[in-house]
Amino acid sequence: WRGWEGAPYSTLVPSDEVTINYRHGLPVITLMLPTRSERCQFTVKPVVTTVGAFLQDVQREEKGIERAEVFATDGSKVSDATLMEVLLMNDFKLVINKTAYSVSPPVKDKMSSEHATEMEDIKSLVHRLFVALHVEDHQIRKERELLQKVDHLKGELLPLEQMKARITHSADAKTSRLLWVGLALMSAQGGALAWLTWWVYSWDIMEPVTYFITYGSAMAFYAYFVLTKQDYIYPHAKDRQFLHYFHRKSKKQHFNVERYNKLKDDLAEAEESLRRLRQPLHLRLPIQEISDKD
């Protein structure tokens with residue numbers, strides 16, 4: 001018989017060299033240690049013990065074992081991550097050095113439905129206890145990672161925030177000046193029309209002029225709507241002009257608006273995750289740990 005990767009074994013030992021008995025509900029595997037020529041018993045916990053852990057126990061017990069593997073009856077190697085509970089359901093071959101032991105696990109008596117239900121409840125309770133004991137460390141570790149991420153993002157945003165503040169101040173000042181210039185021009189236009197109406201010409205002459213000025217203003221507002229797809233509302237027009245000055249100033253000072261927005265989004269996401277993580281009633285975090293951080 002050839003094992004994994006076609007390696008031949010010098011001996012195929014009958015199944016009586018490796019025996020499996022159940023003691024107190026746990027399987028006890030008895031096998032012959034090759035160099036010490038004595039039988040040794042290994043008690044395994046099938047629900048939590050893996051094949052790899054069992055083989056490591058065998059190698060720790062017998063230092064002369066260089067190779068320990070488990071194969072299915074069809075010759076395929078059994079993964080070290082497989083639980084012993086699964087392995088003991090069928091026959092298998094235990095390979096120690098160059099000796100292959102044929103193993104036939106005994107058939108366990110079928111448990112009653114009540115006992116099976118009780119065992120499932122116990123497994124579920126053990127799982128919940130494991131989660132309850134380890135979730136606190138996981139949440140605290142996650143909180144520290146988020147705090148480090150928040151500090152890192154704030155450090156990257158600090159110079160960008162300072163540059164943005166200077167650009168914002170400059171753009172806001174230009175926008176305010178533009179508004180005052182518009183008010184001054186409208187005042188000058190009103191004064192000029194009044195002067196032409198009462199001191200230079202009469203209303204009969206100035207009436208068509210004011211009509212065309214009004215019509216021209218309506219055309220200008222309509223052109224604004226065609227270009228921007230927005231109504232000419234003073235707050236919206238002011239914000240639009242502010243953004244125009246802001247982006248033009250940003251290009252001159254090499255301020256990366258996209259990178260700034262990305263960092264702000266990442267910071268907001270990290271702070272929101274940290275806020276949700278610090279809900280002790282929802283995630284069962286220790287209140288004293290949260291109080292120290294706050």
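Residues numbered from 1 in each chain as written. Predicted model: local features only at pLDDT ≥ 70, side-chain atom pairs only at ≥ 80, totals over all residues. Heavy atoms only, no water.

Strand pairing within a sheet occurs via backbone hydrogen bonds; the two strands may be parallel or antiparallel. Ordered in space as β2-β3-β4, the three strands form an open sheet in which the pairing is antiparallel. The open sheet terminates on both sides in strands that have one partner only, identified here as β2 (19-23) and β4 (38-43). Along the sheet, successive strands turn relative to each other by an average axial angle of 30 degrees, direction set aside. Here strand β3 (residues 26-33) runs beside β4; their pairing, made up of six bridges, is antiparallel. Of the residues in β4, the one forming a bridge with Leu 31 is Cys 40. Its contacts with the sheet put helix α1 (residues 51-61) on β3 and β4, and the angle it makes with β4 is roughly 145 degrees. (Pairing = 2+ DSSP bridges. Helix = DSSP H or I, 4+ residues; strand = E, 2+ residues; numbered from the N terminus. Axes fitted to C-alpha atoms, helices over the stretch in contact; angles between N-to-C directions. Contact = heavy atoms within 4.5 Å.)

Right, let's get into the pattern of salt bridges. Summed over all chains, the structure comprises seven salt bridges. Put simply, Lys 77 and Asp 80 hold a salt bridge, and the shortest N to O gap is 3.9 Å. The exposure class assigned to Lys 77 is partly exposed, which follows from its relative accessible area of 30%. For Asp 80, a relative accessible area of 41% puts it in the partly exposed group. Across the pair Glu 161 and Lys 264 runs a salt bridge whose closest N-O atoms are separated by 3.4 Å. Of this pair, Glu 161 sits in helix α3 (residues 113-200) while Lys 264 sits in helix α6 (residues 257-277), and the two are 103 residues apart along the sequence. (Salt bridge = Lys/Arg side-chain N within 4 Å of Asp/Glu carboxyl O. Buried < 20%, exposed > 50% of the residue type's maximum accessible area, 1.4 Å probe, protein only.)

Of all five residues in strand β7 (residues 99-103), four are buried; the element is thus mostly enclosed. Taken together, the five bridges between strand β6 (residues 92-96) and β7 define a ladder with antiparallel strand orientation. Pairing of Leu 94 across the sheet is with Tyr 101, part of β7. Two successive antiparallel strands, β6 and β7, enclose a turn made up of two residues, where Asn 97 displays a positive phi of approximately 55 degrees.

All right, on to the layout of surface pockets then. As a volume, the second largest pocket reaches approximately 640 Å³. Lining the second largest pocket are 19 residues, and of these Leu 179, Gly 182, Tyr 232, Tyr 234 and Ala 237 lie nearest its centre. Looking at the lining of the second largest pocket, the elements with two or more residues in it are α3, α4 (203-228) and α5 (234-252). The biggest single contributor to the lining of the second largest pocket is α3, with nine residues. Taken together, the residues of the lining of the second largest pocket break down into twelve nonpolar, five polar and two charged. (1 Å grid on protein atoms, 1.4 Å probe; cavity = no way out; pocket = protein on both sides within 12 Å on 5 of 7 lines; lining within 4 Å. Points joined across faces, edges and corners; volume = space filled by probe spheres on them. Nonpolar A, V, L, I, M, F, W, Y, C, P; charged D, E, K, R; others polar.)

So, about unusual backbone geometry. The phi dihedral of His 254 falls on the positive side, at around 60 degrees, and the residue is not glycine. Locating His 254 in the fold gives a position in the loop between α5 and α6. Look at His 254 and you get exposed, because its relative accessible area is 71%.

One pass over the full model with this rule turns up six aromatic pairs. Ring geometry for Phe 42 versus Phe 54: centroids 6.1 Å apart, planes at 90 degrees, classification edge-to-face. In this pair, Phe 42 is assigned in strand β4 and Phe 54 in helix α1, connecting sequence segments twelve residues apart. With respect to burial, Phe 42 and Phe 54 carry one shared label: buried. Judged by centre distance (6.3 Å) and plane angle (85 degrees), the ring pair of Phe 246 and Phe 255 falls under edge-to-face. Its relative accessible area of 5% is what places Phe 255 among the buried residues. Aromatic ring contacts, followed pair by pair, group Phe 242, Phe 246, Phe 255 and Tyr 260 into a single cluster. (Phe/Tyr/Trp six-rings, centres within 6.5 Å; stacked < 30°, edge-to-face > 60°.)

By themselves, these observations are geometric and do not establish any function.
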